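Tertiary structure, described
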Amino acid sequence: MKNNVYKKEYKKYLISSVLDTANNKIASNSFITAFAVYLGLSNFAIGIYAVLDTMTNIIQIFAAPLFSRIGQSKFVVLTNYTLYRLSSICFAFIPFISEDISIRTTLFFIFAAIYAITGELGYITFVNWRMTLIKKEDRTKFASTRNIYKNTLVMVFSLIMGVVLDKFTASGYELYGFMILFIIVFVIAFIDIFIRINTYKPLIEDKKISVKETVVKPATDKDFRKILLVGGINRFANGIGMMYLNVFLLRYLNIDYLYYSILNMLIHFSDALFSKYWAKKSANRNWVNVLSPMCLIYIIAFSLLFILDNSIIIYLLPIVYILIGFGNSAYEMFDHIAIYEHSKEEYKTSYVTFERFIEGIVTTILPIISYTIFPEGSNTIKITFLISIIAYLVFYIYVKIRKNYLRGNM
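These lines cover the structure that appears in this document, whether it is placed above or below. (Residues numbered from 1 in each chain as written. Predicted model: local features only at pLDDT ≥ 70, side-chain atom pairs only at ≥ 80, totals over all residues. Heavy atoms only, no water.)

We now examine helix α12 (residues 245-252). Note on helix geometry: an α-helix contains 3.6 residues per turn, so any two residues three or four positions apart are oriented the same way. For α12, the tally of buried residues reaches six of eight residues, placing the bulk of the element in the interior. Following α12 by one or two positions, N254 adopts a phi angle in the positive range, close to 55°. (Buried < 20%, exposed > 50% of the residue type's maximum accessible area, 1.4 Å probe, protein only. Helix = DSSP H or I, 4+ residues; strand = E, 2+ residues; numbered from the N terminus.)

Structure, rendered in structure tokens:
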């Protein structure tokens, strides 16, 4: 591909990736969780939703074999992507269909499941296209630039929506505020899909892959197991800590939408601010320099949530969210680069999907733990913060012990 054409397509991939990931942030755990609270869903239901997108990573084990047979044509991939985006807007119809909490919960999870499953099916194709097109030396730059633009967009959106929701809530029209949210999500999705339709698709060799091969190749690769361990431990530690965080803020600390939106701005501002820092840290692919400080950052953040009284923590939430954003940007760098680059060249799709499959299995454990052990309540949520602290401490010890094993170009 000629250099000028490469630059043009690089920009398209960057813009669509920014819009995609920004919409994921908007239509996921922050304001959609607030909408779920408005609908009256239980803590447990909202907790499941918080980790649902990772739980459905399990189906990625079937994505690689599926697309290796039906092909990765633009029509097939973009049809799936359109369903993915439309399902995130369907939440808006729930309040008009029924006032019964059980029916609302059922509809909420039908749309959430469609959203999560189509998202998982489409994930690997877009990663494959992007990583095939973008030169290796441009990947850290692409990841950090995308994070900066994505988080800037989400911050602006969060501030606007916080003000809008508070204004409408004060006037007794909270639902109308949420409707504006879904309109914005639709507009971003429409622009994103339009750009993807007019973006170059790299030539992908559609080698036939079986489900068995998708599992066996990465599972028997001893060198890849360090990636699986890192992904699995992090997913458990982060998932259990973040599972009920939004519920904790909205239902037990009773913060208003403006404060809630400011916190979401801070987490994305922090994520964007430190992206280039982590890009430099990971330039030589020595992931110990990224993962060990990341663990300490999360330990401090969840320790504040666990130790401090609710009357005090409400004023220190900005610090907590800045720390979480700092940690998020560290793992995103590892997630978007190390997993792909450490995969065998001819089995990239299998390796990436299998890693997501492992994360999905780990995350599925979280609702089971929550349902069987913890009753609903703020004290229960505090216990999930403690478990997260312990898990990240184990993660930190593992990274330090295996520091030589985690070095090298992945």
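Read on for the rest.
Now for unusual backbone geometry. Although it is not a glycine, N254 sits at a positive phi angle of roughly 55°. Counting through the fold element by element, N254 comes out in the loop between α12 and α13 (257-273).

What follows deals with a nonpolar patch on the surface. A surface patch of nonpolar side chains, about 570 Å² in accessible area, is lined by L86, I183, F186, V187, F190 and I191. If you tally residues by element for the nonpolar patch, the top one is helix α9 (residues 174-197), at five residues. Considering the arrangement of structural elements, one finds I191 in helix α9. Overall, the relative accessible area of 41% leaves I191 in the partly exposed class. (Patch = residues over 30% accessible without salt bridge, like charges linked within 9 Å, V, L, I, M, F, W, Y side chains within 5 Å. Areas by Shrake-Rupley, 256 points an atom, 1.4 Å probe, with all protein chains shown as cover. Salt bridge = Lys/Arg side-chain N within 4 Å of Asp/Glu carboxyl O.)

Moving on to helix α16 (residues 310-341). Compared with the 46 Å implied by 1.5 Å per residue over 32 residues, the 43 Å span of α16 between its first and last C-alpha is a close match. The principal kink in α16, of about 60°, is found at L316, preceding the proline P318 by one to four residues. (Expected span 1.5 Å × (residues − 1). Bend = angle between axes of the 7 residues up to and from the residue.)

On to the nonpolar core, then. Within soluble globular proteins, side chains that are nonpolar tend to cluster in buried spots. Counting residues in each nonpolar core, the largest one holds 100 residues, and the members touching the most others are F108, F182, L249, L291, M294, F334 and Y392. Considering every element that reaches this core, the biggest residue donor is α16, with 15 residues. (Core = buried A, V, L, I, M, F, W, Y, C linked by side-chain atoms within 4.5 Å.)

Let us look at the pattern of salt bridges. For the structure shown, the criterion picks out seven salt bridges. R196 is paired through a salt bridge with D20; the nearest N and O atoms lie 3.6 Å apart. Of this pair, R196 sits in helix α9 while D20 sits in helix α1 (residues 3-26), and the two are 176 residues apart along the sequence. Grouping residues by exposure puts R196 and D20 together as buried. R356 is the partner of E355 in a salt bridge, and the nearest nitrogen-oxygen pair spans 2.6 Å. Assessed through its relative accessible area of 1%, E355 is described here as buried. Each member of the salt-bridge network shares a partner with another, and the members are R235, D335, E355, R356 and E359.

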